[in-house]
Protein chains: 6
Amino acid sequence: MTRPADALRPVTMTPDFVAAPLASLLVATGGTRVLCTASLEEKVPPFRLASGGGWLTAEYAMLPGSTPQRVRRAVSAGKVDGRATEIQRLVGRSLRAGFDLDAIGPRTLWIDCDVIEADGGTRTASITGGYAVARIAIERLIHDGLAQRAALLPAVAAVSVGICAGEPRLDLDYVLDSKADVDMNVVMNHDGHLIEVQGTGERTTFSRQQLDRLLDLAEAGIRELFAHQEAAVAAALAHRPGCASV
Amino acid sequence: MTRPADALRPVTMTPDFVAAPLASLLVATGGTRVLCTASLEEKVPPFRLASGGGWLTAEYAMLPGSTPQRVRRAVSAGKVDGRATEIQRLVGRSLRAGFDLDAIGPRTLWIDCDVIEADGGTRTASITGGYAVARIAIERLIHDGLAQRAALLPAVAAVSVGICAGEPRLDLDYVLDSKADVDMNVVMNHDGHLIEVQGTGERTTFSRQQLDRLLDLAEAGIRELFAHQEAAVAAALAHRPGCASV
Amino acid sequence: MTRPADALRPVTMTPDFVAAPLASLLVATGGTRVLCTASLEEKVPPFRLASGGGWLTAEYAMLPGSTPQRVRRAVSAGKVDGRATEIQRLVGRSLRAGFDLDAIGPRTLWIDCDVIEADGGTRTASITGGYAVARIAIERLIHDGLAQRAALLPAVAAVSVGICAGEPRLDLDYVLDSKADVDMNVVMNHDGHLIEVQGTGERTTFSRQQLDRLLDLAEAGIRELFAHQEAAVAAALAHRPGCASV
Amino acid sequence: MTRPADALRPVTMTPDFVAAPLASLLVATGGTRVLCTASLEEKVPPFRLASGGGWLTAEYAMLPGSTPQRVRRAVSAGKVDGRATEIQRLVGRSLRAGFDLDAIGPRTLWIDCDVIEADGGTRTASITGGYAVARIAIERLIHDGLAQRAALLPAVAAVSVGICAGEPRLDLDYVLDSKADVDMNVVMNHDGHLIEVQGTGERTTFSRQQLDRLLDLAEAGIRELFAHQEAAVAAALAHRPGCASV
Amino acid sequence: MTRPADALRPVTMTPDFVAAPLASLLVATGGTRVLCTASLEEKVPPFRLASGGGWLTAEYAMLPGSTPQRVRRAVSAGKVDGRATEIQRLVGRSLRAGFDLDAIGPRTLWIDCDVIEADGGTRTASITGGYAVARIAIERLIHDGLAQRAALLPAVAAVSVGICAGEPRLDLDYVLDSKADVDMNVVMNHDGHLIEVQGTGERTTFSRQQLDRLLDLAEAGIRELFAHQEAAVAAALAHRPGCASV
Amino acid sequence: MTRPADALRPVTMTPDFVAAPLASLLVATGGTRVLCTASLEEKVPPFRLASGGGWLTAEYAMLPGSTPQRVRRAVSAGKVDGRATEIQRLVGRSLRAGFDLDAIGPRTLWIDCDVIEADGGTRTASITGGYAVARIAIERLIHDGLAQRAALLPAVAAVSVGICAGEPRLDLDYVLDSKADVDMNVVMNHDGHLIEVQGTGERTTFSRQQLDRLLDLAEAGIRELFAHQEAAVAAALAHRPGCASV
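This text gives an overview of the structure that appears in the document. (Residues numbered from 1 in each chain as written. Chains lettered and ligands numbered in written order. Predicted model: local features only at pLDDT ≥ 70, side-chain atom pairs only at ≥ 80, totals over all residues. Heavy atoms only, no water.)

### Let's talk about the overall build of chain A
Counting its regular elements, chain A contains five helices and nine strands. Its helices and strands in sequence order give chain A the pattern β-β-β-β-α-α-β-α-β-β-α-β-β-α, from N to C terminus. Across its three principal directions, the C-alpha atoms of chain A cover 50 × 45 × 35 Å. Out of the 246 residues belonging to chain A, those deemed buried represent 62%. In chain A, of all internal contacts separated by at least 6 residues, the share reaching a separation of at least 24 is 71%. Accessible surface, chain A: about 9,100 Å² in total, of which carbon and sulfur atoms supply 54%. When the 25 positive and 29 negative side-chain charges of chain A are each reduced to one mean point, those points stand 4 Å apart. (Helix = DSSP H or I, 4+ residues; strand = E, 2+ residues; numbered from the N terminus. Buried < 20%, exposed > 50% of the residue type's maximum accessible area, 1.4 Å probe, protein only. Contact = heavy atoms within 4.5 Å. Areas by Shrake-Rupley, 256 points an atom, 1.4 Å probe, with all protein chains shown as cover. Lys, Arg positive; Asp, Glu negative; His and termini not counted. Charge placed at Lys NZ, Arg CZ, Asp CG, Glu CD.)

### As for the packing of aromatic side chains
Each aromatic ring pair is described using two quantities: the centre-to-centre distance and the angle formed by the ring planes. As enumerated under the stated definition, the model contains 15 aromatic pairs over all chains in all. When the ring centre of phenylalanine 17 of chain C is taken as origin, the NZ or CZ atom of arginine 33 of chain A, which lies over that ring, is 4.7 Å away. (Phe/Tyr/Trp six-rings, centres within 6.5 Å; stacked < 30°, edge-to-face > 60°. Lys NZ or Arg CZ within 6 Å of the ring centre and 35° of its normal.)

### Overview of the relation of the copies chain A and chain B
Aligned on chain B, chain A shows an RMSD of 0.0 Å; the corresponding rotation is 180° and the shift along the axis is 0.0 Å. As the rotation angle and translation indicate, the two copies are arranged about a two-fold axis. Among all residues of chain A, the minimum C-alpha distance to the rotation axis is found for glutamine 198 of chain A, at 2.2 Å. By residue overlap, the copies meet face to face through one surface: 100% of the interface positions of chain A are interface positions in chain B. (Least-squares fit on C-alpha atoms with pLDDT ≥ 70 in both.)

### Details of the pattern of salt bridges
Per the counting criterion, the structure on display carries 123 salt bridges over all chains. For arginine 89 of chain A, the salt bridge identified is with glutamate 86 of chain B, shortest N-O distance 2.6 Å. Taken as a pair, arginine 89 of chain A in helix α2 (residues 82–96) and glutamate 86 of chain B in helix α2 (residues 82–96) lie in two separate chains rather than in one. With its nearest N and O atoms 3.2 Å apart, the salt bridge here joins arginine 9 of chain D to aspartate 171 of chain D. A residue pair is termed long-range when its members are at least 10 positions apart, and arginine 9 of chain D in the segment before β1 (11–15) and aspartate 171 of chain D in the loop between β7 (167–170) and α4 (174–178) qualify at 162 residues. Among the charged side chains, a salt-bridge network with shared partners connects Glu59, Asp112 and Asp114 of chain A together with Arg70 and Arg73 of chain C. (Salt bridge = Lys/Arg side-chain N within 4 Å of Asp/Glu carboxyl O.)

### A closer look at the interface of chain A and chain B
In this assembly, 26 residues from chain A lie in contact with 26 residues from chain B. Here chain A and chain B share an interface that buries about 2,600 Å² over both sides, 51% of which is from carbon and sulfur atoms. It is Glu86, Leu194 and Arg208 of chain A that lose the most area in chain A upon contact with chain B, and together they represent 25% of the buried surface on that side. Where chain A meets chain B, there are ten salt bridges. Where chain A touches chain B, the interface holds 16 residue pairs in polar contact (both at pLDDT 80 or more). Counting only elements with at least two residues in the side of chain A that touches chain B, the list comes to α2, β9 (194–201) and α5 (208–239) of chain A. Sorting elements by how many residues they give to the side of chain A that touches chain B places β9 of chain A first, with eight residues. Grouping the amino acids of the side of chain A that touches chain B by side-chain chemistry returns seven nonpolar, ten polar and nine charged. As paired strands, β9 of chain A and strand β9 (residues 194–201) of chain B are joined by five bridges and run antiparallel to one another. When the bridges of β9 of chain B are listed, glutamine 198 of chain A appears paired with glutamine 198 of chain B. (Buried area = accessible area lost by both parts, 1.4 Å probe. Polar contact = N/O pair within 3.5 Å; in protein donor to acceptor, adjacent residues only side chain to side chain. Nonpolar A, V, L, I, M, F, W, Y, C, P; charged D, E, K, R; others polar. Pairing = 2+ DSSP bridges.)

### As for the relation of the copies chain A and chain C
Overlaying chain A with chain C gives an RMSD of 0.0 Å, the required rotation being 180° about an axis along which the chain moves by 0.0 Å. Residue by residue, 97% of the interface of chain A is reproduced at the interface of chain C, so both copies engage with the same surface.

### Focus: the interface of chain A and chain C
Each side of the interface is counted separately: chain A has 31 residues, and chain C has 30 residues. Summed over both partners, the interface of chain A with chain C comes to about 2,400 Å²; 55% of that surface belongs to carbon and sulfur atoms. For the pair chain A and chain C, the interface holds ten salt bridges. A salt bridge links arginine 73 of chain C to glutamate 59 of chain A; its shortest N-O distance comes to 2.8 Å. The interface formed by chain A and chain C contains 16 residue pairs in polar contact (both at pLDDT 80 or more). Counting residues per element, the ones that place at least two in the side of chain A that touches chain C are β3 (32–41), β4 (55–62), α1 (74–77) and β5 (108–117) of chain A. Split by residue class, the side of chain A that touches chain C holds 17 nonpolar, six polar and eight charged.

### Quick word on the state of the cysteines
Here is the idea: a disulfide is a covalent bond, and it sits between the sulfur atoms of two cysteines. Residues and elements named next belong to chain E. One pass over the structure, following the stated rule, counts zero disulfides over all chains. Counting only cysteine sulfurs, cysteine 113 is the nearest neighbor of cysteine 36, a cysteine outside any disulfide, at a range of 4.2 Å. Take cysteine 36: its relative accessible area is 0%, and that puts it in the buried class. (Disulfide = S-S within 2.5 Å.)

### Let's talk about the arrangement of the chains
Separated in space, chain C and chain D share no contact, their closest pair of C-alpha atoms being 12 Å apart. With no contact between them, chain D and chain E keep their nearest C-alpha atoms 8 Å apart.

### Brief notes about the pairing of strand β4 (residues 55–62) of chain D
Residue and element names in this part refer to chain D. Counting buried positions along β4 yields six of eight residues, so the element is predominantly enclosed. In the sheet, β4 pairs with strand β5 (residues 108–117) via eight bridges, with the strands oriented parallel. Considered in β5, the bridge of threonine 57 is made with tryptophan 110.

### A word on the environment of arginine 135 of chain C
Residue and element names in this part refer to chain C. Relative to the helices and strands, arginine 135 resides in helix α3 (residues 122–143). On the basis of relative accessible area, arginine 135 is assigned to the buried category, the value being 12%. If we ignore the near neighbours within four places in the chain, the residues touching arginine 135 are Phe99, Leu152, Glu230 and Val233.

### Let's talk about the packing of helix α2 (residues 82–96) of chain F against helix α3 (residues 122–143) of chain F
All names here are of chain F. The interhelical angle for the contact between α2 and α3, taken along N-to-C directions, is 35°, at an axis separation of 10 Å. Of the two possible hands of crossing, α2 and α3 adopt the one that is right-handed. Every residue of α3 that contacts α2 at Arg83, Glu86, Ile87, Leu90, Val91, Ser94 and Leu95 is listed here: Thr122, Arg123, Ser126, Ile127, Gly130 and Tyr131. In the contact of α2 with α3, the residues fall into six nonpolar, four polar and three charged. (Axes fitted to C-alpha atoms, helices over the stretch in contact; angles between N-to-C directions. Left-handed = near helix turned anticlockwise from the far one by under 90°.)

### Comments concerning the sheet that holds strand β2 (residues 23–29) of chain F
Residues and elements named next belong to chain F. With mixed pairing, five strands are arranged side by side in an open sheet as β1-β2-β3-β5-β4. With partners counted over all chains shown, the strands left at the sheet margins are β1 (11–15) and β4 (55–62), one partner each. Across the sheet, the mean angle from the axis of one strand to that of its neighbour is 20°, orientation sign disregarded. Pairing analysis gives seven bridges linking β2 to strand β3 (residues 32–41), with the strands arranged antiparallel. Of the residues in β3, the one forming a bridge with threonine 29 is threonine 32. Against the sheet, α3 engages β1, β2, β3, β4 and β5 (108–117), with an angle of about 35° to β3. Each of β1 and β2 touches helix α5 (residues 208–239); the most contacted strand, β1, lies at about 20° to it.

What follows is the structure in structure tokens.
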């Protein structure tokens, strides 16, 4: 039985998959799994020094075994992977829209998104899981009095949509993505406002009407993802409310 | 007298600004100037070998003196500039949408976009100028029988739009861009179809209605840019119709 | 209740944790977890060309969130991590002792060991898990007629031992390792022969008698690890005997 | 009609070609064009800290489209270009001979020489244009009271000479340079004293007498270049006497 | 006449082979020659700041002409040589066991081991020669009142042993090393205690009994090396007792 | 007794200082010592393929302990040393003038110049010693019938000259070089013709008359160096006439 065009793949979020960092979460959407971890550094980049506030930065990488054909490590290739650079800039920008970093004090939250298994949509899974893990981390800072509740803005999640064989589709897996004519990543917040829209005509162009239809699909999918995030955040905080590991 | 919210900055295109390469063009939009050059390489990347067709790749850099505060060279910084990587991937994707590269034979067209002076909108100027210079290059290949006329698809151009102080604005210069709440780059073809939409809420989020209004503004601006491109291409080909420098 | 000086931490091995590569296995020893994956490349390094046989190479990295204080990525640090280089050379050498690579045909098996969580002993866990995943991969090649059964030599596993507060200890976790005076990694095969012994007096020197006692401890621990490996290999092959993913 | 052996190619200097930096100048000698920009940094390298004075450093690069065959960017090649390194060290040394940097305060003047089009003699054009742009920059600092007039030493310019088919020639273009047996770059100041002489027997050796004849040719050519520099400096300062852009 | 299995190759140590650094020594063991130099830096790495004590760090490289087939320079290869990294970490650890660095004040001793000629055993020659040169350097610091005599711990030396054609052998040269089935490096101090044992079954595995026999051989060889070190240190200090070059 | 202004420092050349490579020579001029080695590679760079002839390339580096203050390794600094790049290009060009590489067959001669101790004039010592070692290597190729005698052109040597306290001086050591107002490196062949002249006014400029006087001094010094080279070449060939090590 095939998945309907407007259905997400099954989503699971496993908070505190790794105990060492401030927060961690393994997010799976269908065959795509991304390990998101949040680490704290007690300093900020130079351009944030004057503000007194904090910063959030994201890094993204695919593990070598995450695809059938091995992915070469960036350090072995001896150069920065352009695709990874672009993705981690997108993840960082999107997550920063979900928090008021002036309210977390002069510290940097590092969000690492390492792809364990890749079956399409790794960048949107990184945003959705990355928001959840950053949220858990900041809730723990708030619990310990290190950040203010004002740091929490409406939640952020992301999904991919596209046009495959003329049909608008939600949440492209690798097979769909490979044959998509148009590919779009949509980042939205809980108020239904857009944070980022990146639509690309990979093999063809697309009309304004098609853009609208894709945004409708994305919005519905993202609504579902917010519920998964909320559940995961609640579970993590029930298990360990503050920063200290028990 | 201030520029109206729906007006482009003055545009000039100087084809054959540099005589050495297959094609060159200096594009200026207001205070932003980008030198676009097209060079030919008689080989293709491995993934295009089987096709028998060609490829187009773009590189983007800012000259050190292009801004009031000197821009450090990537090679001196000893690492790839993430922003430049992201931009040149966008430029390459956008330009490839303007051509059927199967019809240019097994060769690579390198489009280099070097920013001489930066006053906002360097990436969209790189796309608009880059398309014109690629078009001149491919017309010269066609003239000399090295490519087929079928290589030419509807023209491609790009412009930035944004929301500044609540007002939708076309073609952001540096001052506008610095205070924009939402920033969007739109790449469109001559048929009015979208090739790429990249909208980012820099300081705030944006609604679906605002997205629509921004796309309207962008489409009108891009229509004007197509006329500039056509004039520049015609001038270049009148001056030197084929590949050989005279 | 504290762990006896001659007891291993609890060991679990989860084969096929990732479905994409030829083989994968998540090995946990106490709080240390390493994701081992095996990928196939249909070529060999130049020095193996003449032999007609294959090669096995290993890479090792720690994920940024694998420790309480974030680990910087090698590619971001812009230089090779000396410790990682040393470890992956050790892992590669050790695993090659477990196979006759002349019998796997002209192909390279890449074994990637990515540390999900680090609590001491990541290099020996990488060897123990790496052998198991390489074994599963080669059994699958044999099943499909791509390698010969002669490729399988006696199994290989590794464990750390050390002297802490004067007492010889098996399988050091991070806390023990931090205060160990002597730290030793022992790699042994199923015949009880040594493949690699790396003993270091971190804070003090050690006598020949102490060396002997440590080797006794290690040998007993490694015997237990062989049983875990066998069970994991059997489970993986029952689930998917050949190379093709089902 | 061919150019006489003792004639320069046509020289033009366009000051303030780029408005953003402290000073800029596009210098053309025949088909060679170099964009020279001067940027100010309010710090000095460690070895100049104690002096209280300033520093001048130069960087040189060729744009990818500056020659018929595309020049690969240094950052893409992943390594420093030996030729560029050698040239920028020569440019820096030569320009520092034209100024008393103790008199410009604790700041660094960056002189960037980016070759827009290359037809031989790009390093000497970089020195000649680089001096003019540094001079404009320092005159602007003096005008604003940030440097002392004592910073100005006799002007510096450079030209290439060589022996082609047995005949000493002034100002080699690419075609001449390619077949030159001896190639020499001469940097001289307005007092007729030498700052740098770099003569290389590319295909043959050369006698002391030939060296003398080449220096005579170079001196005459450099005298002409001083006049061009003076005119460009005067024009730039008339247009914008101080640092502030109007 | 062949060398007995338990005999060292001829050893010579030439102290102060280079006059510039604080101490230097050319060590030769048979055809292997390593130039060891000790340089002082008046700062310590961050993790030693709090201690008030010093640090010792080692670097190792092979000169390009040190083997019949030229060794490529690491900087030309554009990447760190894994083997060199592993060796210099071993050398540093081993030498630090010979000194109490808390007693040399907040300074770093750099020990550089550059292989002039390689005929097997370069890493153990680097440790043996490196200890001697570090000892001379620290004795000179003590002489000048810059370090305390307590800095001197029992001397450290190293030798390689191996099993070739079934026979345990001391001090492998290149030919022996190439055909060794087991290769072991042993670092020991003057009290007969072990500092580091690194045994590798290159082509085969080895038993506990074989390990014991190899350690016996190594201990006897190292005893001889201590005598050579003592003579070299005495000669160097007679010639120049303190830091100042005469 | 101070050295006269027109006297070289004592010169010694020790051929075959290292036995492994095709040829080696330790050249000392006063306190400066450079180890020059020649290695053969049986291939040529792409631009020499068509010619059927060979190539010669040079590399230059300073050992870390070659100066009182330690020299950081290029690979540790993580970037190419501009000064070393410039020097090795000069050495390569100069040595290629001493040989007709069309007559050595399709092979590359690598000349490595590693500075053991630096007291001024390391680049000219590298050329003088580098020529001698390249000559020995090529004579050995000729002896074995692998190159033709026509490969040998007039010998090449180099020396530094300068103006110190107003006085022209031959062969600057470090102290003289540090206070030199003008610094010049002269490369000449046995016919008295110039190969390279690099004169730099470090602190001042210099007149044409001063240039002449410096060239006179250099020529006399280089005459002496030719005699040292001849003696060293003769000694090396008497000891080992052909390529094979005995």
